[in-house]
Amino acid sequence: MKTSVFLGTLTAAAALAGSVSAATLDEVKARGELNCGVNTGLVGFAAPDANGNWSGFDVAICKAVAAAVLGDPSKVKYVPTTGQTRFTALASGEIDLLARNTTWTFSRDTDLKFTFVGVNYYDGQGFMVRKDLGVSSAKELDGATVCIQTGTTTELNLADYFKSNNLSYTPVAIETNAEGEQQYLAGACDAYTTDASGLAATRAAFADPENHIILPEIISKEPLGPLVRHGDDQWADITRWVLNALVAAEEYGVTSANIEELAKGTQNPEINRLLGTEGDLGAFIGLDKDWAKRAIIGAGGNYGEIFAATIGESTPIGLARGLNAQWTQGGLLYAPPFR
Amino acid sequence: MTDTTAARAFVRREMLPPQAPPPSQTGAIRWLRENLFSGPLNTVLTILGLSATAWIVIHLYPWLAHSVWNANSLSECRQIIQATWGEDATGACWAVIRERWPQFLFGFYPSHLYGRALLALVLLFAALAPVLFAGLPRRMLWLSAAYPALGYWLLWGGSFWYPAMLMAGFAVAALAWRALSARGALVAMPAAVAAALVWWFWLAGPVTAGLDAALPLAIEAVRSDKFGGFILAVTIGVAAISLSLPLGIMLALGRKSDMFLVKALSVCFIEFIRGVPLITLLFVASLLLNYFLPPGSNFDIILRVVIMVTIFAAAYIAEVIRGGLAALPRGQYEAADSLGLTYWQAQQLIILPQALKISIPGIVSTFIGLFKDTTLVVFVGLLDPLKGITDAVRATIEWKGIYWEPYIFVGAIFFAFNFGMSRYSMYLERKLKRDHR
C-alpha cells in the first residue's frame with residue numbers, strides 16, 4: 001500500500017514535470033540560455049579549448065539552435081554528459097537538447113520517449129587492426145580479442161556481426177576511448193572497434209598511423225543526431241528545421257561568406273523563403289523571419305562549412321564526406337523543402 | 001699453599017682493550033645481513049624486490065628522461081623526442097601540463113579571476129590554521145568563523161550581502177540564545193533555531209535586497225558550471241569535510257543515545273547511507289531530484305553534490321567516532337555522572353575529547369577517502385581533475401592520444417594534499433600523546 005502511494009506520487013511528480021515543461025521554447029527564452037547536452041569530450045565533435053570555449057561538429061548544432069531561438073550563438077550552457085547520464089539529463093529537463101553523437105534507434109525513439117530531430121552525421125562501426133596482423137577483412141577476425149566500449153550500441157552490433165558470420169571473439173571491455181587506445185596500443189586486444197569517425201581520429205593521433213589499418217567493413221548503421229524530449233512538438237520542430245536549414249543552405253550554396261548578400265533577396269524563391277525575405281516561415285515555429293539566417297551564421301556556416309572546419313579532410317581527423325554528402329553528390333543529406 | 005699467585009704462571013692485571021668487531025658485524029654489511037639477507041627466504045625476497053625495482057627504473061627512466069616541456073601538440077612532442085633521442089625513443093610529453101595546467105587547477109573559471117580563487121585558497125589556510133594549531137592566537141578563530149561566507153563570496157562572486165546575511169542567521173541564533181539562556185537550554189535552544197529559521201526564510205531576503213540597493217557591494221559572479229579541476233575538488237572536499245565532522249559527531253552521539261526516536265533515526269540514517277554507493281547518491285542529487293523539484297527551480301549542482309558527499313562522509317565519521325566512544329572505559333561515563341555533570345557537559349568535558357583523540361586516525365582516513373571521492377562527480381557531468389578535465393583535454397586534436405602524463409600530474413597533486421593531511425594527523429596524535437594515557 002505504502003509502495004503504491006509512493007509510486008503514485010512519483011508518477012504524479014513525473015507527469016507534472018512533463019506537463020509543465022511542455023513549452024520548452026518559452027522556458028529557453030525566459031532563461032535566456034539554451035541548456036545543451038554535449039559529449040564530455042570527443043575529438044572533432046565536442047571539446048573545450050584552453051579557455052573553456054566549446055567547439056566541434058555537435059557543438060555547432062547547439063550554437064545554431066541558440067542563435068535561431070535567442071539570437072546569440074554564445075548563449076548556450078554546455079552540459080557535459082556521459083554515456084550513462086545523457087538520457088536521464090534530457091528526460092529530467094536538465095537539458096533542452098542533446099547533441100551528443102547519439103545513435104538514432106527504435107528503442108531510444110520510442111521506449112525512452114525521445115524525438116530524434118534528424119541526422120547530422122551518418123556513421124558506422126568499423127575495426128582497426130595492426131598491419132602486421134595480416135588481416136584485410138573483418139571476416140578474418142575469427143578468434144580475435146576486440147576492445148569495445150561498454151554501454152554503447154557498438155557492443156551489441158559487434159555481437160550481432162560475429163554471430164551472423166559464425167565467428168568467435170573475446171571482448172575486452174573498456175570504459176572510454178582513451179582507455180581503448182591505450183589497451184589497443186599495449187596489445188591487450190587485436191582489434192579496436194568503434195564508430196568509423198572515432199577510429200579515424202584515433203588513428204590520426206597515433207605515433208605510427210601507417211602501421212594500423214581501418215578494415216573496409218562497416219558493420220552497422222549509426223545515424224547520429226540531436227534529440228529532444230517527447231511531448232513538445234514545437235520545440236522538436238524548431239530543432240529539426242534548424243538542422244534542415246544548415247543542410248539546405250549547403251545545397252543552395254548559402255555560405256557564411258555570401259549569406260548577407262543573399263539575404264537581400266535573390267532570384268531563387270527557396271533561398272528567399274529560407275532566409276526570410278519571402279514569406280514568414282519562422283512564425284509557424286514561434287520564431288521571427290531571420291531565424292534560419294541567424295542559425296547559419298551562428299553555427300559558423302552551412303553544413304558543409306561546419307563539416308570542413310571540425311572533422312573534414314583539411315583537419316587532422318580527415319574524414320571524407322562519404323554518406324554525409326548532399327544527395328546531389330551521392331550522399332544521404334536531403335533537406336525537405338522550405339515551403 | 002700460602003702464595004697462590006706464585007703457583008700460576010700468569011695473571012692478567014688489566015682488561016684487554018675491546019677489539020673492533022669482525023667486518024661481517026659492522027657497518028653496512030651488518031645492516032645488510034640483518035635486514036636484507038637474514039635467511040634464505042629473506043634473501044630470495046630481497047633479490048626479487050631489487051630486480052622488480054630495477055625493472056621499473058630501467059623501463060621508466062628513459063621515458064622520464066626524455067621529457068618534453070615545450071611543445072604545442074602531442075605530434076610536436078613526438079617529433080622533438082625523435083629528433084633529440086633517436087627514432088625509437090619514447091618520452092613523456094609534459095607540454096600538455098604546461099599548456100593546460102590552468103584548466104587542471106581551475107577548470108573553466110574565468111582566467112582574469114584566478115587571483116580571487118587563489119586568495120580564497122590562501123584565506124582557507126589562514127582560516128584553518130587556528131583550528132589546526134592550538135598555539136596560534138585565538139582571535140584568528142573569528143576569521144575561521146567568517147570564512148564560509150568569505151570563501152563562498154570570493155569563489156562565486158555576486159553580492160557580498162547574500163553570504164553575509166546567510167551568516168547573520170547564526171548571529172541571530174546566538175543573540176536569541178544569549179537572551180534566553182537564563183531560562184534554561186530547553187527554552188533557549190528551540191528559540192535560537194526558530195530565530196535563525198525566521199531570519200533565513202523571511203527576513204534575510206528583503207534585508208539583502210535593501211542592503212544591495214543602499215550599498216551595492218558586488219563582484220563579478222561566476223557560475224557553478226565554470227568550476228572544474230582542483231578548484232572543484234577542493235571546494236567540495238573542504239566543504240564536505242568541515243560539515244561532515246560535526247554532523248558525524250551528532251550522529252554518533254545519537255546512535256549511543258538512550259532516547260528511542262533519536263537512536264532509531266540515527267541508526268536508520270547511518271545504515272542507509274553506508275549501504276548505498278556514493279555514485280548512487282550523486283545520481284540522485286543530479287538527476288532524480290530534477291523530477292521532483294518544480295521546473296525552473298535552480299538548485300545549484302555543486303551545492304547538491306556537497307550535501308550528498310557530506311551526508312555520505314558523516315555516516316562513516318559517525319561510525320568511526322562510535323568506535324572511539326566504545327573504547328572509553330565505562331568508568332569515564334560514571335565519573336562524569338558522579339560529578340553531577342549534565343549530558344552535554346559530560347560529552348564536552350570528558351567523553352568527546354577522549355573519544356575524538358582515539359578516533360583521529362580513522363577520521364583522517366575518512367577525510368582522505370572523501371577528498372579522493374570528489375573525483376566521482378565526473379559521473380554527474382562535473383569536470384573533476386582526474387577524468388573530466390583529462391578527457392576534455394584529450395578531446396582536442398592537439399592532445400588526443402596522450403594518456404599517462406595528465407594522470408601522473410593529477411595524482412601527484414592529490415598525493416600532496418593527502419600526504420599533508422596524513423602528516424597533520426600524525427602530528428596531532430603525537431601532540432595529544434594518546435599512547436601514554
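Computed from a prediction, not measured in an experiment: that's the story for all the values here.

Thresholds applied
- Residues numbered from 1 in each chain as written.
- Chains lettered and ligands numbered in written order.
- Predicted model: local features only at pLDDT ≥ 70, side-chain atom pairs only at ≥ 80, totals over all residues.
- Heavy atoms only, no water.
- Phe/Tyr/Trp six-rings, centres within 6.5 Å; stacked < 30°, edge-to-face > 60°.
- Helix = DSSP H or I, 4+ residues; strand = E, 2+ residues; numbered from the N terminus.
- Lys NZ or Arg CZ within 6 Å of the ring centre and 35° of its normal.
- Domains from an automatic or database assignment.
- Contact = heavy atoms within 4.5 Å.
- Buried area = accessible area lost by both parts, 1.4 Å probe.
- Pairing = 2+ DSSP bridges.
- Axes fitted to C-alpha atoms, helices over the stretch in contact; angles between N-to-C directions.
- 1 Å grid on protein atoms, 1.4 Å probe; cavity = no way out; pocket = protein on both sides within 12 Å on 5 of 7 lines; lining within 4 Å.
- Points joined across faces, edges and corners; volume = space filled by probe spheres on them.
- Disulfide = S-S within 2.5 Å.
- Buried < 20%, exposed > 50% of the residue type's maximum accessible area, 1.4 Å probe, protein only.
- Salt bridge = Lys/Arg side-chain N within 4 Å of Asp/Glu carboxyl O.
- Polar contact = N/O pair within 3.5 Å; in protein donor to acceptor, adjacent residues only side chain to side chain.
- Nonpolar A, V, L, I, M, F, W, Y, C, P; charged D, E, K, R; others polar.

Caption draft 1: Structural detail: the packing of aromatic side chains. Evaluation of the coordinates by the stated rule reveals 43 aromatic pairs over all chains. Judged by centre distance (5.6 Å) and plane angle (10°), the ring pair of Trp104(A) and Phe116(A) falls under stacked. Here Trp104(A) is found in the loop between strand E5 (97–103) and helix H5 (106–110), whereas its partner Phe116(A) is found in strand E6 (residues 114–116), with 12 residues between them in sequence. Grouping aromatic residues by their ring pairs yields a cluster made of Phe45(A), Phe57(A), Tyr121(A), Tyr303(A) and Phe307(A). The ring of Tyr184(A) carries the charged tip of Arg130(A) above its face, separated from the ring centre by 4.8 Å. Just above the ring of Tyr407(B) sits the side chain of Arg394(B); from NZ or CZ to the centre is 5.1 Å.

Caption draft 2: Representation of the domain arrangement of chain A. All names here are of chain A. Domain boundaries assigned for chain A yield domain 1 (2–122 + 223–329) and domain 2 (125–220). The distance between the C-alpha centroids of domain 1 and domain 2 comes to 30 Å. Listed by partner, the interface residues are 11 residues for domain 1 and 7 residues for domain 2. Surface buried jointly by domain 1 and domain 2 totals about 670 Å² across both partners, of which 58% is contributed by carbon and sulfur atoms. If you sort the residues of domain 1 by the area they bury against domain 2, Gln84, Ile317 and Leu319 come out on top, with a joint share of 36%.

Caption draft 3: Spatial organisation of the sheet that holds strand E9 (residues 144–149) of chain A. Residues and elements named next belong to chain A. As summarised here, the arrangement of the 5 strands in space is E10-E9-E11-E8-E12, forming an open sheet in which the pairing is mixed. Each having just a single partner strand, strand E10 (169–174) and strand E12 (212–214) make up the two edges of the open sheet. Averaged over neighbouring strand pairs, the angle between their axes works out to 30° when direction is ignored. Of the pairings in the sheet, the one linking strand E8 (residues 125–130) to strand E11 (residues 191–195) comprises 5 bridges and is antiparallel in character. Looking across to E11, one finds that Met128 is bridged to Tyr192. In the packing of helix H6 (residues 153–164) onto the sheet, the strands contacted are E8, E9, E10 and E11, and the crossing angle to E9 comes to about 155°. Sitting on the sheet, helix H7 (residues 177–185) touches E8, E9, E10, E11 and E12, and the angle it makes with E11 is about 155°.

Caption draft 4: Seen up close, empty space enclosed by the protein. A full pass over the atoms with the stated rule returns 1 cavity of 30 Å³ or more. In this structure, the largest cavity occupies an estimated 50 Å³ of space. As for the largest cavity, its lining consists of Val79(A), Pro80(A), Thr81(A), Thr85(A), Ala89(A), Glu94(A), Ser286(B), Leu287(B), Val380(B) and Gly381(B). For the lining of the largest cavity, the secondary-structure elements that each account for two or more residues are strand E4 (76–81) of chain A together with helix H12 (278–292) of chain B.

Caption draft 5: Focus on the state of the cysteines. Residue and element names in this part refer to chain B. Tallying each qualifying case throughout the model produces 3 disulfides over all chains. Two residues share a disulfide in this structure: Cys77 and Cys93, whose sulfurs sit 1.9 Å from each other. Where Cys77 bonds to Cys93 through sulfur, the torsion about that S-S bond is close to 75°, and the disulfide is right-handed. Note that Cys77 is positioned in helix H4 (residues 74–85) and Cys93 in the loop between H4 and helix H5 (95–106), a separation of 16 residues in sequence. We classify Cys77 as buried; its relative accessible area is 1%. Once the bonded cysteines of chain A are numbered in order along the sequence, the disulfide links fall as 1-2, 3-4.

Caption draft 6: Main features of the domain arrangement of chain B. Residue and element names in this part refer to chain B. Looking at chain B, the domain boundaries give domain 1 (23–97) and domain 2 (99–436). Computed over C-alpha atoms only, the centres of domain 1 and domain 2 are separated by 40 Å. Listed as interface residues are 12 residues of domain 1 and, on the opposing side, 15 residues of domain 2. When domain 1 packs against domain 2, the two sides together hide about 1100 Å² of surface, and 71% of this comes from carbon and sulfur. Ranking the residues of domain 1 by area buried against domain 2 places Leu74, Val96 and Ile97 at the top, with a combined share of 56%. Taken together, domain 1 and domain 2 are joined by 0 salt bridges. Linking domain 1 with domain 2 are 8 residue pairs in polar contact (both at pLDDT 80 or more), by the criterion used here. Looking at the side of domain 1 that touches domain 2 element by element, the count peaks at 3 residues for H5. Looking at side-chain class alone, the side of domain 1 that touches domain 2 contains 9 nonpolar, 3 polar and no charged residues.

Caption draft 7: Representation of unusual backbone geometry. All names here are of chain A. Positioned with a positive phi, Lys113 is a non-glycine residue whose angle comes to about 60°. Within the element layout of this structure, Lys113 appears in the loop between H5 and E6. Phi is positive for Asn166, close to 55°, though the residue is something other than glycine. With respect to the helices and strands, the residue Asn166 is situated in the loop between H6 and E10. Judged by its relative accessible area of 70%, Asn166 is exposed.

Caption draft 8: Fine view of the interface of chain A and chain B. Listed per partner, the contact involves 41 residues of chain A and 28 residues of chain B. With both chains or domains summed, chain A and chain B bury close to 3000 Å², and 64% of this area falls on carbon and sulfur atoms. In this assembly, chain A and chain B are joined by 2 salt bridges. The partner of Lys400(B) in a salt bridge is Glu181(A), and the shortest N-O contact between them spans 2.7 Å. Our enumeration of links across chain A and chain B arrives at 6 residue pairs in polar contact (both at pLDDT 80 or more). At the level of secondary structure, the elements contributing two or more residues to the side of chain A that touches chain B comprise helix H1 (2–20), strand E2 (47–48), E4, helix H4 (86–91), H7 and helix H8 (196–204) of chain A. It is H7(A) that contributes the most residues to the side of chain A that touches chain B, 5 residues altogether. A class-by-class count of the residues in the side of chain A that touches chain B yields 21 nonpolar, 14 polar and 6 charged.

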